[in-house]
Structures are given as structure tokens and as C-alpha cells.
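# Structural characterization, general
Listed here are the chains, written in short residue letters.
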Amino acid sequence: MKASDKIDDAAGRLLAWYDGHARTLPWRVPPGSGQAPDPYRVWLSEVMLQQTTVAAVKSYFEKFTQSWPTVEDLASADDADVLSAWAGLGYYARARNLIASAREVAARGGIFPDTEEGLRELPGIGAYTSAAIAAIAFGRRAVVVDANVERVIARLFSITEPLPGSKDAIRAAADTITPDERAGDFAQAMMDLGATICTSRDPRCLLCPLSDMCTARQTGIAADLPRKTPKKARPVRSGTAFWIENDGHVLLVKREGKGMLAGMRALPDDGWSARASGNGEPPLAAEWSRVDGVVGHGFTHFLLELSVHRCEVSDRVAEGEWWPVDRIEEAGLPTLFAKAAKLVLAT
DNA sequence: TAAACGTGGGG
DNA sequence: TCCCCAAGTTT
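Residues numbered from 1 in each chain as written. Chains lettered and ligands numbered in written order. Predicted model: local features only at pLDDT ≥ 70, side-chain atom pairs only at ≥ 80, totals over all residues. Heavy atoms only, no water.

### Looking at the pattern of salt bridges
Counted according to the given criterion, the structure contains 14 salt bridges. For Arg 23, the salt bridge goes to Asp 192, with nearest N and O atoms at 2.8 Å. On the criterion of sequence distance, the pair formed by Arg 23 in the loop between α1 (10-21) and α2 (39-48) and Asp 192 in helix α11 (residues 183-196) is long-range, its members being 169 residues apart. Take Arg 23: its relative accessible area is 24%, and that puts it in the partly exposed class. With relative accessibility at 0%, the residue Asp 192 sits in the buried group. Linking Glu 330 and Arg 327 is a salt bridge whose minimum nitrogen-to-oxygen distance equals 3.2 Å. Salt bridges linked by common partners bring Asp 19, Arg 182 and Asp 185 together as one network. (Salt bridge = Lys/Arg side-chain N within 4 Å of Asp/Glu carboxyl O. Helix = DSSP H or I, 4+ residues; strand = E, 2+ residues; numbered from the N terminus. Buried < 20%, exposed > 50% of the residue type's maximum accessible area, 1.4 Å probe, protein only.)

See below:
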């Protein structure tokens, strides 16, 4: 039986609201259109949307689907082209996992797994994304819980324990209102409600189709939920990037490993990291000059103040790609290094 | 379990 | 300006 009689028709209420208020999004099939969603586009959009706003994703989704219309197209692309196309979107492990997943799916004939369990085995697909794809692309009932749903459910049921400790309780509550039919529409309706009505700050309860069943609204604490455990302060690190030029070309390197910006093109640097500032030592002996100004950049877990030093060399002795300076915007630099390049070229 | 992992926009 | 936050996953 449901948690409460009052909440019984939350799904019906929400679906009716969605039929009239669904956002139009490039990766979305309109409710009631009868079109079958393309699992490739659902998957691609869901990965891009992980911790990333709809506004930021739109242009990337268009670019990717135009360059690679099918999962086989993406699977056969060069890694560097995919990473370069992802540049600026952040969380670059997503792009590396995207390539790996595309190749796995292509190897299976281009057919995506159609269950949560099957999807969950692809790299870069976790609890949320597997549920979302199973529901949206394949119509399977799945409890889809993202940050929007956490917020809606915490308020609807007045779950006051702070996140992330309340995740299990929130998921259990979400389960009680998840319908067997129209699972994909329901998931997207919850996310649209969270994104447009049940917003983090200043929820617009007067427009909410569930307002009369929302216990947090009844007690006036909706805007205070969900509570969250306080975050740690971010340390500030400093570092240096090096702009090494030769005959109108600048030296770019490929970042190794699996950590920060791994796999991405970058300027050489002095080894700065989240743990420690850089040592300031340039990668080669030359007549260096410091570029005026500093690049401030906020990562999730630390802040970086990046200085830029530049030099002109007569021989291309260093390891890396010599990239035409006047085409630096096509290099697919992560935002940090794009900012550094901009600083150099502004002087 | 907690930390690592990007970025841009809004209040 | 600064802090919070966004369709989370991996280790």
C-alpha cells in the first residue's frame, strides 16, 4: 500500500501536468507524440546532463549528434576528436567513458542493453543514468532519482534528514509514487517539475500540481529542503602554465592518467594539483617572461590561480603538438587552458 | 564512506 | 563578489 492515501494520485497528477507543460528539449520526444525515443540520443543526453545544466548541454548535444548521428559513428570516431568536441563541458571522464561505451554497444550490433542491470555495466552509467535510460528509452518502470527528484521528494514527504544520508529514504519514497505505466514521462515530469517549479531557491508552489499534497509546503519548510551536510572549504592552489611559441605555433601536450583533465590537450604546466601548488619550474630553458594577470578557475574541490609564462623558441625540440596560434580555439582545450590562451592573446 | 572530478549561471 | 547548484560516477 502507498505511504499515504493523499499521495495516491501524485503520478497521475504529475503526468497530466507534464502533458501540458513538458519542456521542449533537443533530445526529448514530446509526450503523446507516439514517437519512439532513440536510445542513443537518450543515452548521450543523459551522460551530458550528469551534473550539468540543460543550457550548457544543448549546443554540445547538437554538435555530437550532427558529427556522430549513430552509436556506430561515435564508436568509430577518433578519441581525440571526441575529447575535443567535449572540451568545455567538464568532467572529462564522461567523454572517455562515452567512447568506451559506444564501442561496447557497437560491438553488440549497435543495440543498447534495455534493462537497468544491463545498462549499469556500461562505463559511465550509474544508478541514476541506468534507471533514466531504462525508463525513457525503453519504457521500463524504474525509480529515477536525480537531484531534482531528491528535492521534490524531500519536500513532498518532508524528509528532513540531510543529504546524502537521506538518499535511501528518498529513493524509497520515490518508489511509492512511481507508476508502472509511462515510466519515462513520469521521470521526465519529476525532473521538469524540479527544474521549473520546485526549484532549489524560492519554489513556485502556487504553480505546482502537487502543492496540496506537499507536506513541507503545509508546514512552511519547503524552501529549506532538502537539507544538506555542509561542504568542506576549497583550498586555493597556485600554478603556472607555459606558452611556448615557435613560428606562429604553440606547444600543446596531452594530459596523461585518469585524473584532472586526463586525456585532454593542454598547455605544459608546473605540476599543480588539487593537493599542492606547482613548483613554478618551466619545462625547458628559455628566455621566459611572465604574462600580466592571472587566471582564476574554480574546480569542484579546489581553486586555482594560474600564472602564465611565455617564451619563443627557435627549434621545435619539445614533445607535443605544435598548434597554429590563430586556430587555438579549435584545439579543444579545457576551459582552464582556454582562459590561459585568452590571457596570452589579449596581451 | 568520502573524495575526486569541471564548468557556467543565478541569486 | 561569492556561494550554491546542476539529469552523478568512480574509486
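### Side note on the packing of helix α9 (residues 147-156) against α11
Where α9 meets α11, the axes come as close as 8 Å, and the angle between the chain directions of the two elements is 80 degrees. One finds that α9 runs roughly perpendicular with respect to α11. Residues Asn 148, Val 149, Arg 151, Val 152 and Ile 153 of α9 pack against Met 190, Met 191, Leu 193, Gly 194 and Ala 195 of α11. The residue inventory of the contact of α9 with α11, partitioned by class, reads 7 nonpolar, 2 polar and 1 charged. (Axes fitted to C-alpha atoms, helices over the stretch in contact; angles between N-to-C directions. Parallel < 35°, antiparallel > 145°, perpendicular 65-115°, else oblique. Contact = heavy atoms within 4.5 Å. Nonpolar A, V, L, I, M, F, W, Y, C, P; charged D, E, K, R; others polar.)

### A few points about the confidence of the model for chain A
Looking at chain A, the pLDDT average stands at 95 and 98% of residues meet or exceed 70. For residues 1-5, every residue scores under 50 in pLDDT, and the model assigns this stretch 4 contacts once sequence neighbours within four places are set aside. (pLDDT = per-residue confidence, 0-100.)

### Regarding the protein's contact with DNA strand C
Inspection of the region around DNA strand C gives 26 residues, with Glu 46, Gly 124, Asp 146, Asn 148 and Arg 151 positioned closest. Each atom of DNA strand C within 4 Å of the protein was assigned to sugar, phosphate or base; sugar and phosphate come to 63%. Between Arg 23 and DNA strand C, the recorded distance is 3.2 Å, taken from a side-chain N or O atom to a base nitrogen. Residue Asn 148 places a side-chain N or O atom 2.5 Å away from a sugar or linking oxygen belonging to DNA strand C. (Near = heavy atom within 4 Å. Polar contact = N/O pair within 3.5 Å; in protein donor to acceptor, adjacent residues only side chain to side chain.)

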